[in-house]
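# Close look at the chain arrangement
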Amino acid sequence: MSIQENIRKLRAEISDHVAIIAVSKRKPVEDIMQAYDAGHRIFGENRVQELIEKQALLPGDIDWHMIGHLQTNKVKYIAGFVDMIHSVDSLKLALAIDREADKTGRVIPVLLQVYIADEESKFGFSEDELNSLLDSQELSVLKNIRIDGLMGMATYTEDLEKIRLEFRYLGEVFSRVKNAYFAGSDHFRQISMGMSGDYEIAIEEGSTMIRVGTVIFGARTY
Ligand SMILES: *Cc1c(COP(=O)(O)O)cnc(C)c1O
């Protein structure tokens, strides 16, 4: 099937309440344009260099989401245009995004990344760390980031039941954080979870944003 057919099929398959972030990393701008021509507008990249190159070449009405680990010294390259950063995993990064967003006169929507996998390599806060972060005076004064929800990545495994429990846990953390810190906010509503192999489970467990590359663009060759 073509990229256009893949995106249309996926859109028809899932609820309108779930946003599709088409993960275009390592894929050429021609592929992105095929999804664009099928009406898709939200694309995700995980490297700053690739994101800025593609953003410069592609139509201005695309929403660009940064989904990968972000170094504080690179925030300045994307702060002027990025529509959401899914991967805020430290106070230092939140401060850097706020500072750079302020310089460009923007408020950048962000998600806080929660560590839900049992792998050494994954980034993100534990629930305790999340609570300390949200209690901190330093975070509460920031004016140029808006915390729209949480993001998580499940363990890389074939064990779908394990993945389901990790997504369920993220949904529970989301509810606790919302009640404790964002009860009066209408912005804190996003749970970014689910990739090509597990987005159906993620949606069943409450995902509002799936980040899918392979099901739209096909396998990546590295
Ligand atoms: C690559 C990537 C995805 C999408 O992976 P697929 O398996 O191709 O859907 C989602 N989230 C993040 C953070 C990624 O780096």
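Residues numbered from 1 in each chain as written. Predicted model: local features only at pLDDT ≥ 70, side-chain atom pairs only at ≥ 80, totals over all residues. Heavy atoms only, no water.

### Describing the overall build of the chain
Rules: Comment: elements are numbered from the N terminus, with helices defined as DSSP H or I runs of at least four residues and strands as E runs of at least two. Atoms counted for the radius of gyration: C-alpha only. Globule rule: 2.2 Å times residue count to the power 0.38. Any two residues whose heavy atoms approach within 4.5 Å are treated as being in contact. In these tables, accessible area is a Shrake-Rupley quantity obtained with a 1.4 Å probe, and a residue counts as shielded only by the protein chains included in the view. The positive count covers Lys and Arg only, the negative count covers Asp and Glu only, and His and the chain ends enter neither. Throughout, a charge is located at the NZ atom of Lys, the CZ atom of Arg, the CG atom of Asp or the CD atom of Glu.
Scanning the chain from terminus to terminus reveals 10 helices and eight strands. For the chain, the C-alpha radius of gyration of 17 Å lies close to 17 Å, the compact-globule estimate for 222 residues. A principal-axis box enclosing the C-alpha atoms of the chain has dimensions of 50 × 45 × 35 Å. Of all intrachain contacts in the chain linking residues separated by at least 6 positions in sequence, the fraction that spans at least 24 positions is 58%. On the chain, roughly 10700 Å² of surface is accessible, and the fraction owed to carbon and sulfur atoms is 49%. Charged side chains in the chain number 26 positive and 35 negative. The centres of these two groups are separated by 4 Å.

### Some points on unusual backbone geometry
Non-glycine residue R26 carries a positive phi angle of around 65°. Within the secondary structure, R26 is located in the loop between β1 (19-23) and α2 (29-37).

### Quick notes on helix α3 (residues 48-57)
For the record, the criterion: The cut-offs for exposure are 20% and 50% of the maximum accessible area for each residue type, with area from a 1.4 Å probe on protein chains only; residues under the lower value are buried, those over the upper are exposed, and the others partly exposed. As used here, the arc belongs to the directions running from the helix axis to the C-beta atoms.
Taken together, the buried positions of α3 are occupied by V48, E50, L51 and K54. Angularly, the buried residues of α3 cover 160° about the axis, an arc narrow enough to put them on a single face. With respect to the buried face of α3, the exposed residues turned more than 90 degrees away are A56 and L57. Against α2, β2 (42-45), β3 (63-66) and α4 (75-78) lie the buried residues of α3.

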